[in-house]
Amino acid sequence: FRTQPGVIGASVNNALRPYRVKMGPDPASINTCTMGGILSNNSSGMCCGVTQNAYHTLESLSFLLPSGTRIDTAAPDADERFRAAEPALWKGILDLKAELESDPALAARIRSKYRMKNTTGYSLNAFLDFERPVEIFRNLLVGAEGTLAFISEAVLSTVPDLPVKYTGLLLFPTMHAACAAIVPLRDSGAKALELLDRASLRSVEAQPGVPASIRTVPEGTAALLVEYQTAEESERKGLEAIAAATVAPFALLEPARFTHDPTEQALLWKVRQGTFPSVGAARRSGTTVLIEDVAFPIEHLADAAVDLTKLFVKHGYPDAIIFGHAKDGNLHFVITQSFNDQAAVDQYARFIEDVVELVVKKYDGALKAEHGTGRNMAPFVETEWGPEAYAVMKRLKGLCDPEGILNPGVLLNTDPMIHLKNLKPMPTVEEEVDKCIECGYCEPKCPSRELTLTPRQRIVLRREMTRLERTGGNEPLLAALEAEFPYAVVDTCAVDGLCATACPVSIDTGQLTKRLRKASHSPRAKKIALGLARRFATIEPAMRMGLRVGHLVQALLGAGAMAGVTRAIRAVVGQPFPQWSAEMPHAAKAARPTTAKDGAAAVYFPACISRTMGALPGEPDETSLMDAFVAVATRAGLPVWIPDDVEGTCCGVPFSSKGYADANAFTVNRAIERFWAWS
């Protein structure tokens, strides 16, 4: 990222200021990848509607064409440069614009299609919204999914996050009753209107913090999560009055309850945001979670939602749910689908055919509302738009990418069955990770993400190896994966559980790593580990001595010699041994600071790392972590006591993380006995 003077989080009075995003190959910048996806899919969300999405907040971008032409649309002479570098494309865009404008019926259809959320096909509204070819092309790239050019940089206008919020969950007896309330709530100024059917409510009703009343609502119930927002604190009472007056005529299952409390608001939004992960957590092994997003005219939303539910029953999706951005007629539906055999693929094919029939032919809606077209809906772009508009899209693609090298087959595809090909099977793997829906939320948390693999990649690799083992046919690939697997997956996992803190279904990939490590240990290795656990009190001072010796050797021979020392030790012990480097910590000055048992408020059990390792090179080493904690506790009037026999007491993590179950059990039980005695 780099930002201009106004950045995301700008004050309300300085809203709509430019926010610059640079897209690049850096895998560590997860936000850059997210913004690139938002641009290429014209994504929106809860409150964006059709006026604050990527298309409408885009100020400028830099693009690179397959020919090598690079244009920054913010440059004053951008259109002249575009014309000089790409005369055929420049003129072709003007020709397409003139053709669309000369067809009143098609132009009217285009404008009508973009009054609701719609990301099916290319953003044809750009031909009608802008005059200069460079401006038209700039906005054609929004939602083009990388099929026309590469976006290297973009400048977007920020939208303020209004600080005063008033949020409520309204429970209606039927879907029709809930949808009938959408227009009055929208017209009263509600910024967010999220629709949830009874199945989506059921998927989260057992989660902590979810209102208890949700568990008892009858079948057929539908809910609206409603939020009013404003910039000024003085308008808070006004929001209350507007909400009360608007909901008064509604026939609700229980009285409307709105709240200003941020904690209660977060719980209500948790109901909405937990639906997709909850379905993923409950899916049958061997299935994958699919989410689609469609849009309907508001006046048909209730009928369309009911018809979608009937399709779930018809095609055998009992766990399917519906939720979405009701204010914009945008519904998401989630199903769990197997692609492991032909019968499952045929089931999916019949379902998609009926979805297209329902959305396009019955209600004239959009097959894709905010997630981009993709290969799944590419065969149906012409079905939705008609042959004239589809011909414009094909000509545009040919002008920009005559060789078809940019994301071939995405968005436009001549194969009517492409959505049923190259499907990814989801074989059953170890129970620790089998629920993974491969969303990638875990990846920014992983310490090894820039060394080897992320948790998601570890699971994907495990699934691919399982598939190859079961189906055969590619022994060289399987052999290559098996060769890389021990280091990339097992040895370099930190098994710290951080991935579970971000995972929607609470998967700790480290548990799989522990299982694999345990399975790889020989009886001799297990016996050695148990011996080390029994003698941990003698190991601690040896580790401190080892660190001192390591720094001495490093000072005498240089940091480069330490790699050879490490290899030699590994060869002798036959076990992984830490790599010495210039960042090797110093040894702890002493095992523990002096504390007193009398008057102590608590027992302080410092970890073995704190007892053995001191400061890193360049860090001040006057005060250890233990010294600091003891000092802070004393200042707080809650002094702590470190027992005299703490050395040699281990929490078990060094052994459990390596899969040594017997050694872990020994150290943990000994620690518990000592905790009991100390306290």
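A few points on the structure. Quick caveat: nothing in here was measured; it's all calculated off a predicted structure. (Residues numbered from 1 in each chain as written. Predicted model: local features only at pLDDT ≥ 70, side-chain atom pairs only at ≥ 80, totals over all residues. Heavy atoms only, no water.)

Another aspect to go through is unusual backbone geometry. Note on backbone geometry: most residues besides glycine have negative phi, and most peptide bonds are trans. Of note, Glu 145 is a non-glycine position whose phi angle comes to about 55°, a positive value. Inspection of the secondary structure assignment puts Glu 145 in the loop between α7 (133–140) and β4 (150–157). Phi at Asn 407 is positive, roughly 45°, even though this residue is not glycine. Assignment of secondary structure puts Asn 407 in the loop between α18 (387–400) and α19 (455–471). Residue classification places Asn 407 among the partly exposed positions, given a relative accessible area of 38%. (Helix = DSSP H or I, 4+ residues; strand = E, 2+ residues; numbered from the N terminus. Buried < 20%, exposed > 50% of the residue type's maximum accessible area, 1.4 Å probe, protein only.)

Right, let's get into the pattern of salt bridges. Under the defined criterion, the tally for this structure stands at 33 salt bridges. Of the charged contacts in the structure, one is a salt bridge between Glu 101 and Lys 97, with a shortest N-O distance of 2.8 Å. On the criterion of helical spacing, the pair formed by Glu 101 and Lys 97 is a turn pair, its members being four residues apart in helix α4 (residues 87–101). Residue classification places Glu 101 among the partly exposed positions, given a relative accessible area of 42%. (Salt bridge = Lys/Arg side-chain N within 4 Å of Asp/Glu carboxyl O.)

In this section: the packing of aromatic side chains. For the coordinates displayed, the defined rule picks out 19 aromatic pairs. Relative to Phe 655, the ring of Phe 536 has its centre 6.2 Å away and its plane inclined at 65°; by these criteria the two rings are edge-to-face. Of this pair, Phe 536 sits in helix α24 (residues 536–557) while Phe 655 sits in helix α28 (residues 653–656), placing them 119 residues apart in sequence. Through a chain of ring-to-ring contacts, the aromatic side chains of Phe 312, Tyr 317, Phe 333 and Phe 351 assemble into a single cluster. (Phe/Tyr/Trp six-rings, centres within 6.5 Å; stacked < 30°, edge-to-face > 60°.)

Turning our eyes to something else, we now look at the nonpolar core. Residues Leu 185, Leu 195, Leu 224 and Leu 308 are the most contacted members of the largest nonpolar core, which totals 55 residues. Broken down by element, the residue count for this core peaks at ten residues, all from helix α15 (residues 342–362). (Core = buried A, V, L, I, M, F, W, Y, C linked by side-chain atoms within 4.5 Å.)

The next subject is helix α3 (residues 78–85). Of all the residues in α3, the buried ones are Ala 78, Asp 79 and Phe 82. Down the axis of α3, the buried side of the element spans an arc of 95°, and every buried residue falls inside it. Opposite the buried face of α3, at more than 90 degrees from it, the exposed residues are Glu 80 and Ala 84. Its buried side turned inward, α3 meets β2 (58–64), β3 (70–72), α4 and α7. (Arc of directions from axis to C-beta. Contact = heavy atoms within 4.5 Å.)

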